[in-house]
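# Residue-level structure breakdown
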Amino acid sequence: MNISIVLQQMGVIAILVSIGIFLYKREVIDDHTSQRMSTIVMDVCNPALILASLLSGNVTATHHDLLIAMVLGVAFYFGLVILGFIFPMIIRGGEDSRFYNMMTVYTNVGFIGIPVARAILPENAILYVIICNVMYCLLFYTHGILVLSNGKEKLNLKKILSPGTIMAVVSLVVFWFDIKLPPIIANSISYLGNATVFLSMTLLGVGIARSKITSGIKNPRIWIYVLVRMLLVPVVLFFALKAAGFSAITIMGLCLMAAMPIGNLPLIQCEKMGEDTELLSGAIAISTLASMFTITLLMSAFTYLLGLI
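Rules used throughout
Residues numbered from 1 in each chain as written. Predicted model: local features only at pLDDT ≥ 70, side-chain atom pairs only at ≥ 80, totals over all residues. Heavy atoms only, no water. Helix = DSSP H or I, 4+ residues; strand = E, 2+ residues; numbered from the N terminus. Rg over C-alpha atoms; globule rule 2.2 N^0.38 Å. Contact = heavy atoms within 4.5 Å. Areas by Shrake-Rupley, 256 points an atom, 1.4 Å probe, with all protein chains shown as cover. Lys, Arg positive; Asp, Glu negative; His and termini not counted. Charge placed at Lys NZ, Arg CZ, Asp CG, Glu CD. Phe/Tyr/Trp six-rings, centres within 6.5 Å; stacked < 30°, edge-to-face > 60°. Buried < 20%, exposed > 50% of the residue type's maximum accessible area, 1.4 Å probe, protein only. Salt bridge = Lys/Arg side-chain N within 4 Å of Asp/Glu carboxyl O. Core = buried A, V, L, I, M, F, W, Y, C linked by side-chain atoms within 4.5 Å. Disulfide = S-S within 2.5 Å. Patch = residues over 30% accessible without salt bridge, like charges linked within 9 Å, V, L, I, M, F, W, Y side chains within 5 Å.

### Some points on the overall build of the protein chain
Scanning the protein chain from terminus to terminus reveals 14 helices and zero strands. Counting helices and strands in the order they occur from the N terminus, the protein chain gives α-α-α-α-α-α-α-α-α-α-α-α-α-α. In terms of C-alpha radius of gyration, the protein chain reaches 18 Å, essentially the compact-globule figure of 19 Å for 309 residues. Across its three principal directions, the C-alpha atoms of the protein chain cover 50 × 45 × 40 Å. The contacts of the protein chain with a sequence gap of at least 6 include a subset with a gap of at least 24, amounting to 85%. With the model as given, the accessible surface of the protein chain reaches about 14200 Å², and the carbon-plus-sulfur share is 66%. Of the side chains in the protein chain, 18 bear a positive and 14 a negative charge, and the two mean positions are spaced by 2 Å.

Below, the structure is given as structure tokens:
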């Protein structure tokens, strides 16, 4: 992977995000439309993209690679859960500690992570993307709900079985047993998956356009979050994995997932609970905009350090 490819692909993503901002400003896409489109992306296109990646025939990973991905995925999120409790103490989050906890653990590994990974990483890296998405869903509707509600909200185990989680598990089964689907099914899944990048990046632009970005800019804790969670954590993870002798694909896959901006699920859950969402809304906007630069910087640097140029 060449640094210029990373820069080009992130440039493409920036353009697609800008289109989303433009369409929202022109009122081509409103809040109702974006909500419907988000459902399509999360429940149809993203799951299709995951499976299409494995059906492409370009993934040459082995069963051993998948097992390593699973172990590292569990360890990765275990570390994030611990960091989620420590980070709010470091920045003295006070009453907002639970929000910073959520922001630390639940980044956008699906909505942004899947299409970005497909755009800039080798095909085999999709295994780490899949594992991270499964772990995300398993944790959010258990650990995440408890943290956000201070233990008052009931666990929603049914929501763990979302279309995205189910398709991720199905994809792992297809990969493990090397299942070949009929061409008509495989091609249909491929076409659905191809729509993901444009739709998800456009909706990302819509989200930025309607977020309370001004309040986020003025909050120094959010900038500390960007520095620690989106820059320092991926860098530490990179050198830890490199020192342990893991492959370049493993390192790039996990480090990209570690560099993702804040996810939308904590915000959606807060809205359902009637909580004040100003902090999360501003933080999501700032971290998403910052990720255009931080991901480009990190992936370019990691590519150089791994000798992939």
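Read on, since the account is not over.
### Points about the packing of aromatic side chains
Applying the stated criterion to the full structure yields eight aromatic pairs. Judged by centre distance (5.4 Å) and plane angle (85°), the rings of tyrosine 106 and tyrosine 136 are edge-to-face. Of the two residues, tyrosine 106 is situated in the loop between α4 (97–105) and α5 (113–120) and tyrosine 136 in helix α6 (residues 126–148); the sequence distance between them amounts to 30 residues. Residues tyrosine 106 and tyrosine 136 agree in their burial class; the two are buried. Judged by centre distance (5.1 Å) and plane angle (85°), the ring pair of phenylalanine 238 and phenylalanine 239 falls under edge-to-face. What makes phenylalanine 238 buried here is its relative accessible area of 0%. Taken together, the ring pairs in this structure connect Phe87, Tyr100 and Tyr225 into an aromatic cluster.

### Digging into unusual backbone geometry
Even without glycine at this site, arginine 92 takes up a positive phi of about 55°. Among the structural elements, arginine 92 can be located in the loop between α3 (63–90) and α4. Of note in this structure, aspartate 178 is not a glycine but carries a positive phi near 50°. Among the secondary structure elements, aspartate 178 is positioned in the loop between α7 (163–177) and α8 (183–194). Judged by relative accessible area, which is 51%, aspartate 178 ranks as exposed.

### A look at the pattern of salt bridges
Under the counting rule described, the total for this entry stands at one salt bridge. A salt bridge links aspartate 178 to lysine 180, with the shortest nitrogen-to-oxygen separation between them at 3.3 Å. In terms of burial, aspartate 178 and lysine 180 fall into one category: exposed.

### Some details on the environment of leucine 49
For leucine 49, the location among the structural elements is in helix α2 (residues 31–55). For the pair formed by leucine 49 and serine 247, sequence separation is 198 residues and the distance between their alpha carbons is 24 Å.

### Examining the nonpolar core
Membership of the largest hydrophobic core comes to 85 residues, with the highest contact counts inside it found for Phe76, Tyr77, Ile130, Leu254, Leu256 and Met299. Here this core takes 16 residues from α6, the largest share from any one element. Filtering out sequence-adjacent residues up to four positions away, isoleucine 130 remains in contact with Ile50, Leu54, Ala168, Ser171 and Leu172. Val41, Phe111, Leu199 and Leu203 belong to the second-largest nonpolar core, a separate cluster that totals nine residues.

### With respect to the state of the cysteines
Under the definition given, this model contains zero disulfides. Between cysteine 255, a free cysteine, and cysteine 132, which holds the nearest cysteine sulfur, the sulfur-to-sulfur gap is 11 Å.

### What to know about a negative patch on the surface
On the surface, a cluster of negative charge is made up of Glu95, Asp96, Asp276 and Glu278. Within the fold, aspartate 276 resides in the loop between α13 (265–273) and α14 (278–305).

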